[in-house]
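Descriptive analysis of the structure
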Amino acid sequence: MTQTNPASERAAETHDIVGSGHTFGSVTDKISSIVQTTRTPKAWYVGFTISFAFLMLLMVSVAWLFVRGIGIWGINIPVGWGVDIVNFVWWIGIGHAGTLISAILLLMRQQWRTSINRFAEAMTLFAVSCAGLYPILHLGRPEYFYWLLPYPSTMGIWPQFRSPLMWDVFAVSTYATVSALFWFVGLIPDFATLRDRATSTTGQVIYGILAMGWRGSARHWRRYEQAYLLLAALATPLVVSVHTIVSFDFAVSVIPGWHTTIFPPYFVAGAIFAGFAMVLTIMLPLRAAYGLEDFVTLRHIRNMCYVLLASGLIVAYGYLMEVFFAWYSGNHYEAHVILNRFYGPYAWLYWALILTNIVIPQLLWFSRVRQNLLVVWLVAMSVNIGMWLERFVIIVISLHQDFLPSSWGMYTPTFWDWSTFFGTIGLFCSLLFLFLRFLPMISIFEMRELVHHVEDEAH
Amino acid sequence: MTHPPKDARGAVRAALARKGGRELWRSLDELAGTPAFEQLLADEFPRQASEPMDAVSRRKFLGLMGASLALGGLSGCIKQPLETIVPYVRPPEQLVPGTPLFFATAATLGGYATGILVESHEGRPTKIEGNPDHPASLGAVDAFTQASILSLYDPDRSQVVTHDAQISTWDALLAELEAALAAAAQDKGARLRLLTGTVTSPTMARQLELFLARFPAARWHQYEPVNRDNSLAGARLAFGEPLSLLPRLDAADVILALDCDFLACGPGHIRATRDFAAKRQPVATGVPGNRLYALESSPSITGAKADHRLPLAPGRIAAFARHLARRLGIAAAGEPPALDEGEARWLDAIATDLTAQGRRGHTAILAGEQLPPAIHALVHAANEALGNFGSTLFAIPAVEHRPENQTESLRQLVTEMMSGTLDTVVVLGGNPVYDAPADLHFAEALSRVKRRFRFGLYEDETSAACQWHGPETHYLESWSDARAFDGTVSLVQPLIAPLYSGRSAHEVLAILGGQAGQSSHDLVKSHWKSQASPPDFEAWWQKALHDGLIRDSAPAQATPKSTLAKLDFPEDPGHGLELLFRADPTIYDGRFANNGWLQELPKPLTKLTWDNAALIAPATARKLGLASEDAVTIELDGRSVRAPVFIVPGHCEGALTLHLGYGRWQGGRSLAGAGFNAYALRSTAAPWNAGGARVGRTGERWELACTQLHQNMKGRDLVRVESPAQGNDHGHHAGGEGHHPSMYPPVPYPGYAWGMAIDLNSCVGCNSCVVACQSENNIPVVGKDQVIRGREMHWIRVDTYHEGPPENPRTYHQPVPCMHCENAPCEVVCPVGATSHSEEGLNDMAYNRCVGTKYCSNNCPYKVRRFNFLQYSDYETPSLKMLANPNVTVRSLGVMEKCTFCVQRINAGRIKAEKEDRRVTDGEIVSACQAACPAQAIVFGDVNDPASRVSRLKAQQRNYSLLEELNAKPRTTYLSTLLNPNPALTKG
């Protein structure tokens, strides 16, 4: 499966978005064979087992959390939100790339998106699932999470609509719903392909149900294209809205370091940054493992590096503006926040953030770096870490020293903070492995379209 | 299994019919043994019945229950138990269910009484308030007294008699004690000794005399680890008799405190705080009415309140006192060691100030207990020279019964015990095995006594060293009487029947004195009946109980005349490192070590909880290469302890302060592992200050639970200080609310608008409010590890800030409860509306609605919200259930909580006023913190009423809001603190 062919090498040279020499049949064969093979690769078993072990760690952590209460974490007064909300924002950020790639790039007619959108959408869904856990888990009384929903309570009590947490509920749940729909609709023609190619009855039945009667008629295709475009248009504002509203959790408060108007665009840029970094982080190993060099070409990687670089610079601008306004506002408390980031007890995290999020990604300016996939992967990994640190810096460092020095404190995550975090990574990876095994990770029909286009251009 | 009779049910029914319905429930037990009953069970529950009958399994229990229910139906429905139960047809007089009653009684500390009112809900005491009529209280109470209610319900209290650590009975103990007394009677008690603490109780004094009369050769020893040996000896030196000098600080314009923490320590400190704060109010010129100089070795809240504070080693303070006495013309001061330049400047300034025109009789010099007797004598003479006797200082004969040098008394006892000649020792109260000076080897001496009896509240270290331990009653469980610092007698009446099998000290003494069988009530009452009392004794008794004190029972004032012969001044021990032993500010001498409220109460200045530490000056720490939380070994005279270091700004150099009371090893769960035992270094020769200590580093760390890690205001305008000499210290004149623009119209508060004003000029940082709040609002204790994590639950905290050089900073206190902001940042961010505004301006918490997002706390600029990260409230311990205030919800895991302005008290007051069709009058509703405050620094009331006290305070120039620029419009505001510096000391 990992064999390379001369076509892929040519693709690497020409920066094509699909390796040459592919026909409809070869594309379908290549992608569906990953799913329809009867011999699951050993590496898959190894990866899934490790991921599943971490998922079980999550189950244990959550069970203990429900038994003992959130005091098993390191949070305290003044740091009421710690690694839990850091992880929430981090996962939500990662969950941005999918919809961005699918919807916005679709509307902009960026054809190169085709080979990465399915995968990025799946990643979005899994990341949002991980993120969605935290707002519930971080509650003191998680059993009452539904009180945040506007359901017709017999007591006549509604949620408090002025609270950004309330907005979060709508933003995140809408985003999750639309992303899932978008993903599913995009999968329907491929489900039909898999149904038709399935050799086992089980496969035929399951893929058949999921294909929802798709026969590939012209009418189907017409309706399908309309629906997909509409969904893309619907999803587009969500890309901006989700992280904007997540940033309101902080921007609406009075806490220095949180109370900042720059947060919405800065968070959205950060989310795109984080999302693309995560797509690269996972795509590069998969490309190698499943021999997808023809579909995910160096041009894709180059484009993603460009996005990474651009969004990273917006984020850097955000950091710069925070420092500037702390000085320019003349606000004593804001100035303290920045000085505390520079020199305080958590300063090493701030400088690590600057290194991983701003300094290291600048390597992507160089085309030789962009062609060295190992270095690209390391840069993407650095951004993943940096974006986690960014949320830690914003949330914890702002909270631990706010207005009254008498109430200042320190925050140290406990074992259970980390086990929950790594547990959600386990959840994410487990879902990812299942996705790789049972669903086409690259859109087959869109790749066929692409091959068609490329052929047209060639002739 | 035998063959069943044909009709088992019929047989049982027949048996029951013979018994008759009324005996049904009692006869079940009897029936259970009959074959018929067993058969019935076998028929009904065949499997269960085949189980062996001896083990009471759950199944069997259920089987029995089922069978008894079935049987219950056999002869009619009898639902009421047979025992006499009393319906509430004729309730006790005055008792209305749901309405608390208040009873006057008195709490003692070190023998001295403070008059208190105890709130009682349907017969269970829940809260301690001060008795406004009592001279030692005037309505306020300190943290110790507040927290003593937790000791009442402490599940670790001694509950049974033990003999060699085995549970025994009072009968056995008394038989043994009677036998010992009978043996002692042979030689008139020559080998019988009694050890108690300080006794001021007139009844107990009489009982002691009876005991000594019965056993003329016996001896009564008294020992308190925190005693008044030095001041009594000083009074003997000066006046020839042990007089007590009572300060009236509301008459003192200038106060000089020589190592004297009169705001926190010693009998009468609550009254001293009240008088000091009253005099501290600004006079017309905006300057405080008094000026306080404090020379102290270890930082105290008195020093923090001083206009001028000088950290000096104890030996230097003594030298300073002698120089001052010489200035005042007292020859006995001798030739003191020379003062350095700075000290001399202070001496000049203070001497000039004390003797200034018009100051005669309006000053007071107060000497701390740690100073040697000769210095006390000099201070008496100095006060006399300044004309203070009769105006700011009043002398009365010592309040204690038979005042004696307690250290000497204990030493004599130990010498006798060591010689092995003693037959019987009775230890009543105290805990000498733990707290006796280390050089006496008390435990070893005690073990050489044949019969050792111990009566105490806890089964502690001393109990473990005695064969017999009898549980003593708590003061809220028994009758007694006691004298206050000024000699006023209070009757101590019980609020509740003894929870366990305890007996009072009076009942034990009655056995020793030959009055066995008399209850403490009878003993106390008969004592007072025997005193010259009015014709209608019953009415007099009722009134004394009602008032909580016996009027005019204070002794007549003496007119002291000092005659100083040549005084012996001890050598300055200031060689090497000095150790300063002090009573702990929260657990005192160790008697409160198992009291969670006091263990978790942040100590004034250091804000440490659950530990004592070796407090050290920054410069000394630097010299020794030590940092806070370093574990060190402290060695003195060949004895050593392992202790954590804690750096305290303003500590005198070359010394370590060690608080007593920690490092206990027996007597409860809360005290386990807390702190180190400073008594292990304390000797009879140097009980307070000991020179020649050595500190060795261990390289280990000792984690301390400190609730305030930053004591620097960072240039922020938090505590405002006004000083006439320098103008406003922060360049921001206090007063007047800033006007911030708002997009919204102002919210009208047509009814009441509750608000609070905290006068920082009055506040001394004594912590009384913190414990009062904890008691009133059912605030749980979380333990050391949770405090380290930053999860303490106090609704009001006392912030301490230092300003200036670390060797001698100015220190300010600021109590911070919830500010009840009108534009509360917490309210808008709660997604479920669990915290919202009341129409009277309270920021309310609906615990039931809270889901625990903690967003409100994050968004609170004052960080006054507290979260139940774990299940902190004790739902399990039965005795602690009785402690809870029934009007306040006991919070569960996962909800936010915070100061409510005592909303339960507001509601009670409003309901009362509405029933009487009137508005709530000013001062009718008092928050718990306000009630407890000895300095009357906290005032709560209706800010809609311009005549209310709180409105008048808020109208003052000094009024300001904390973090006013955030426009949260807090309803709690502060009045800036004032300084009255001496220009002679501020220059240069």
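Residues numbered from 1 in each chain as written. Chains lettered and ligands numbered in written order. Predicted model: local features only at pLDDT ≥ 70, side-chain atom pairs only at ≥ 80, totals over all residues.

1. What to know about the overall build of chain B
As a reminder of what qualifies: Strands here are runs of E lasting at least two residues and helices are runs of H or I lasting at least four, both read from the DSSP assignment and numbered beginning at the N terminus. Exposure classes come from backbone-placed C-beta atoms, where a residue is buried if 20 or more other C-beta atoms lie within 10 Å of its own, exposed if 12 or fewer do, and partly exposed in between. Our contact criterion uses C-beta atoms placed from the backbone: two residues qualify when those atoms are within 7 Å.
In terms of helices and strands, chain B carries 32 helices and 39 strands. Relative to its 988 residues, chain B shows a buried fraction of 55%. Partitioning the contacts of chain B with sequence separation of at least 6, the portion at a separation of at least 24 is 74%.

2. Some thoughts on helix 6 (residues 143-153) of chain B
Across the 11 residues that make up helix 6 of chain B, a large majority, 11, are buried. Turning to helix 6 of chain B, its buried residues are Ala143, Phe144, Thr145, Gln146, Ala147, Ser148, Ile149, Leu150, Ser151, Leu152 and Tyr153 of chain B.

3. So, the nonpolar core
For clarity, the threshold we go by: Connectivity within a nonpolar core runs through C-beta atoms within 7 Å, and the core itself is a set of buried Ala, Val, Leu, Ile, Met, Phe, Trp, Tyr and Cys residues.
Counting residues in hydrophobic clusters, the biggest one holds 407 residues, and the most contacted among them are Val279 of chain A together with Leu258, Leu378 and Ala614 of chain B. A per-element tally of this core places helix 10 (residues 263-289) of chain A first, with 16 residues. Residues in contact with valine 279 of chain A, not counting those within four places in the same chain, are Ala97, Ile116, Ala120, Met123 and Met304 of chain A.

4. Some points on helix 8 (residues 202-214) of chain B
Residue and element names in this part refer to chain B. This is how it is decided: Expected span, for any helix, means 1.5 Å times one less than how many residues it has.
Given a rise of 1.5 Å per residue, 13 residues ought to cover 18 Å, and the 18 Å separating the end C-alpha atoms of helix 8 matches this to within 8%. Every buried residue of helix 8 is listed here: Pro202, Thr203, Met204, Gln207, Leu208 and Phe211. Buried residues in helix 8 make contact with strand 6 (192-196), strand 7 (219-222), strand 17 (480-483), strand 18 (489-492), helix 19 (505-512) and helix 20 (520-530).

5. Quick word on unusual backbone geometry
Residue proline 78 of chain A is bonded to the preceding isoleucine 77 of chain A through a cis peptide linkage, with omega at 20 degrees. The residue aspartate 552 of chain B is not glycine, and still its phi comes out positive at about 55 degrees. With respect to the helices, strands and loops of the structure, aspartate 552 of chain B is situated in the loop between helix 21 (537-547) and strand 19 (577-582). Judged by C-beta crowding, with 8 C-beta atoms within 10 Å, aspartate 552 of chain B ranks as exposed. A positive phi is found at glutamate 629 of chain B, a non-glycine position, where the angle reads about 75 degrees. A tally of 17 C-beta atoms within 10 Å means that glutamate 629 of chain B is categorised as partly exposed.

6. Observations regarding the environment of glycine 216 of chain A
All names here are of chain A. When you line up the elements, glycine 216 lands in the loop between helix 8 (201-211) and helix 9 (218-251). For glycine 216, a count of 13 C-beta atoms within 10 Å translates into the label partly exposed. Placed 27 residues apart in sequence, glycine 216 and histidine 243 show a C-alpha to C-alpha distance of 37 Å. If we skip the residues at most four places from it in the chain, glycine 216 touches Pro189 and Ala192.

7. What about the domain arrangement of chain B?
Residues and elements named next belong to chain B. Put simply, the test is: Marked domain ranges trace back to an automatic or database domain assignment. Each residue gets one of three labels, nonpolar for Ala, Val, Leu, Ile, Met, Phe, Trp, Tyr, Cys and Pro, charged for Asp, Glu, Lys and Arg, and polar for the others, Gly among them.
Domain boundaries in chain B define domain 1 (8-72), domain 2 (162-227 + 402-474 + 500-520), domain 3 (234-396), domain 4 (577-706) and domain 5 (721-978). On a C-alpha basis, the centroid separation for the pair domain 4 and domain 5 is 32 Å. Listed as interface residues are 16 residues of domain 4 and, on the opposing side, 19 residues of domain 5. The set of elements that each furnish at least two residues to the side of domain 4 that touches domain 5 consists of helix 22 (596-599) and helix 23 (618-624). The class makeup of the residues in the side of domain 4 that touches domain 5 is 10 nonpolar, 3 polar and 3 charged.

8. Describing the sheet that holds strand 7 of chain B
Residues and elements named next belong to chain B. Filter applied, for reference: Paired strands, as defined in this entry, are two strands with at least two bridges between them according to DSSP.
Pairing is mixed in the open sheet, where 7 strands are placed in the order 5-4-16-15-14-6-7. Either end of the sheet is taken by a strand with one partner, and the two such strands are strand 5 (166-167) and strand 7. For strand 15 (residues 451-456) and strand 16 (residues 468-471), the ladder comprises 4 bridges, and the chain directions are parallel. Paired with glycine 456 across the strands is proline 471, a residue of strand 16.

9. Some thoughts on the sheet that holds strand 9 (residues 254-258) of chain B
All names here are of chain B. As a reminder, the rule being used: Axes here mean lines fitted to C-alpha atoms, for a helix over just the part in contact, with angles spanning 0 to 180 degrees between N-to-C directions.
One open sheet accounts for 4 strands, arranged 11-10-9-12; its pairing is parallel. In this open sheet, the two strands that pair with only one neighbour each are strand 11 (308-311) and strand 12 (363-367). Sheet twist, expressed as the mean angle between neighbouring strand axes with direction ignored, is 10 degrees. One ladder, built from 5 bridges, connects strand 9 with strand 10 (residues 291-296); its direction is parallel. Opposite leucine 256, over in strand 10, you have tyrosine 293 as the bridge partner.

10. A short note on the packing of helix 13 (residues 347-359) of chain A against helix 15 (residues 373-400) of chain A
All names here are of chain A. Counted only if it meets this: In this scheme the crossing of two helices becomes right-handed for a clockwise turn of the near helix relative to the far one and left-handed for an anticlockwise turn of less than a right angle.
The N-to-C vectors of helix 13 and helix 15 enclose an angle of 145 degrees; their axes lie 8 Å apart at closest approach. Where helix 13 crosses over helix 15, the two elements pack in a sense that is left-handed. Here helix 13 contributes Leu349, Tyr350, Ala352, Leu353, Thr356 and Asn357 to the contact with helix 15, which in turn contributes Ser382, Val383, Ile385, Gly386, Met387, Leu389, Glu390, Phe392 and Val393. Taken together, the residues of the contact of helix 13 with helix 15 break down into 10 nonpolar, 4 polar and 1 charged.

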